[in-house]
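Overview (structure and organization)
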Amino acid sequence: MKNHRRFALSGLACAALLPCQSLVAATIYQVNDWYASQAHATGVSNGNSSSATVQYDGSDKGPSSYVWGYFAPDASPIQLTDGQTLTLSTQITIEYVSAASAKSELRFGLYNSGATRATTDPGSYGASRVSTSLANAYRGWTGFFTSSLASAGTGALYRQVTSNAYPTAGSAASVSMTDEALQQTYTSGAPVSLTLSLTRSGDDLAFSGVYGSDAFSGTYANAFNGYADTFNAIGFFVGTPGFGANLDSITFANTTVTLVPEPTATAAMALVAGGGLLLHLKQRRKAAVAR
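Residues numbered from 1 in each chain as written. Predicted model: local features only at pLDDT ≥ 70, side-chain atom pairs only at ≥ 80, totals over all residues. Heavy atoms only, no water.

A count of helices and strands for the protein gives two helices and 20 strands. Long-range contacts, defined here as pairs at least 24 residues apart, represent 71% of the contacts in the protein between residues at least 6 apart. A total accessible area of about 12,900 Å² is found for the protein, and carbon and sulfur atoms account for 53% of it. (Helix = DSSP H or I, 4+ residues; strand = E, 2+ residues; numbered from the N terminus. Contact = heavy atoms within 4.5 Å. Areas by Shrake-Rupley, 256 points an atom, 1.4 Å probe, with all protein chains shown as cover.)

Written out as structure tokens, the structure is:
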């Protein structure tokens, strides 16, 4: 099933509007295969679309849940090569059972799920797309995620350890962010925007993003040294620990992952397109003179 679209400016049109810095051949992938775990999640609506909603039973203060979605097949994950940028984008809306607003913790990241991909088969997660087990559905993952838990190191980007469930405090070395206040106060029913961008430079990783009113960034040196550089999934850990607000539902709307090639590649495309336009104009001049 095709789940991505290619967007590129026409080479001739771009060359006609020199300079051509705007030429970007980005590939946009829809996150359209969603799942959730833990006892308090009761179902995932629209789990086969880019706007999915996780329902909760609302019976426990501060329920927490793993929520994740896939945007590429297991057999062909997206490789992040030198100079490329991978960006997760979504809008998160939390509905509370009774509170008008509350502070919710959110850990989020880009991953490769490896061989532990969940399915909607009756023997796996079934039609509800929810498992009450903490088994191996989200272990063995590689990738990078943010955490705002004090026990995990406030405001840090982590490299996932494959022996742990994603994303956990026991993950590998962290890198501090420019903004460590990544706990967002949600108004019930009001969307909060989220982006997370990973840009590779050799083995280094530059990351940046916006979560509600917080912008953050940083550089993770040697992030890819001996570590996987492929991605096919996104993941969240959601909770309201200690804040006493029961979750009714969480919606992740218009969720996409965008791959942008390195600037040198797009510049080369611009040169080729510009050369084609010049040749076309030259041929037209010759034809006009002949007439």
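Below, the discussion takes up the environment of Val238. Topologically, Val238 is positioned in strand β19 (residues 233-239). Residue classification places Val238 among the buried positions, given a relative accessible area of 3%. (Buried < 20%, exposed > 50% of the residue type's maximum accessible area, 1.4 Å probe, protein only.)

Evaluated as defined, the whole model comprises five salt bridges. The salt bridge partner of Arg117 is Asp74, with a shortest N-O separation of 3.0 Å. A residue pair is termed long-range when its members are at least 10 positions apart, and Arg117 in the loop between β9 (101-112) and β10 (130-131) and Asp74 in the loop between β6 (65-70) and β7 (78-79) qualify at 43 residues. In this structure, Arg200 and Asp203 form a salt bridge, with 3.4 Å as the shortest nitrogen-oxygen distance. Owing to a relative accessible area of 12%, Arg200 belongs among the buried residues under this scheme. We classify Asp203 as partly exposed; its relative accessible area is 30%. Among the charged side chains, a salt-bridge network with shared partners connects Asp33, Asp74, Arg117 and Arg129. (Salt bridge = Lys/Arg side-chain N within 4 Å of Asp/Glu carboxyl O.)

We now examine the packing of aromatic side chains. Per the stated rule, a full pass over the model turns up 21 aromatic pairs. What links up through ring pairs into an aromatic cluster is the set Tyr35, Tyr66, Trp68, Tyr70, Tyr111, Tyr125, Trp141, Tyr166 and Phe237. For the cation-ring pair, Arg107 lies above Phe237, with the distance from its terminal atom to the ring centre recorded as 4.2 Å. In this structure, Arg200 packs its charged tip against the face of Phe224, placed 4.5 Å from the ring centre. (Phe/Tyr/Trp six-rings, centres within 6.5 Å; stacked < 30°, edge-to-face > 60°. Lys NZ or Arg CZ within 6 Å of the ring centre and 35° of its normal.)

Looking now at the side chain of Thr255. In this fold, Thr255 is placed in strand β20 (residues 247-260). Setting aside anything within four residues of it in sequence, one finds Thr255 in contact with Tyr29, Gln30, Val31, Trp34, Ser50, Leu88, Ser89, Thr90 and Ile234.

Once that is clear, we can look at the pairing of β19. Judged by how many residues are buried, β19 sits mostly within the fold: seven of seven residues are covered. Burial along β19 is two-sided: the face carrying Ala233, Gly235, Phe237 and Gly239 and the face carrying Ile234, Phe236 and Val238 are both buried.

Attention now goes to the pairing of strand β4 (residues 41-45). By the bridge criterion, four bridges tie β4 to strand β5 (residues 52-56) in an arrangement that is antiparallel. Its bridge partner lying in β5, Gly43 is registered against Gln55. The antiparallel hairpin formed by β4 and β5 contains six residues in its connecting segment, where Asn46 sits at a positive phi of about 55°. (Pairing = 2+ DSSP bridges.)

In the Ramachandran plot, Arg129 falls in the positive-phi region, its phi being about 60° despite a non-glycine side chain. By the secondary structure assignment, Arg129 is in the loop between β9 and β10. Look at Asn222: it is not a glycine, yet its phi comes out positive at around 60°. Considering the arrangement of structural elements, one finds Asn222 in the loop between β17 (214-220) and β18 (230-231).

The tendency in soluble globular proteins is for nonpolar side chains to be buried side by side. Formed by 51 residues in total, the largest nonpolar core has its most connected members in Phe71, Leu110 and Phe236. Discounting residues that sit within four places of it in the chain, Leu110 has contacts with Phe71, Leu86, Leu88, Thr142, Gly143, Phe144, Leu196, Leu198, Phe231, Ala233, Ile234 and Val257. If you look at the next biggest cluster of nonpolar residues, it comprises 16 residues, including Tyr66, Ala118, Trp141 and Ala233. (Core = buried A, V, L, I, M, F, W, Y, C linked by side-chain atoms within 4.5 Å.)

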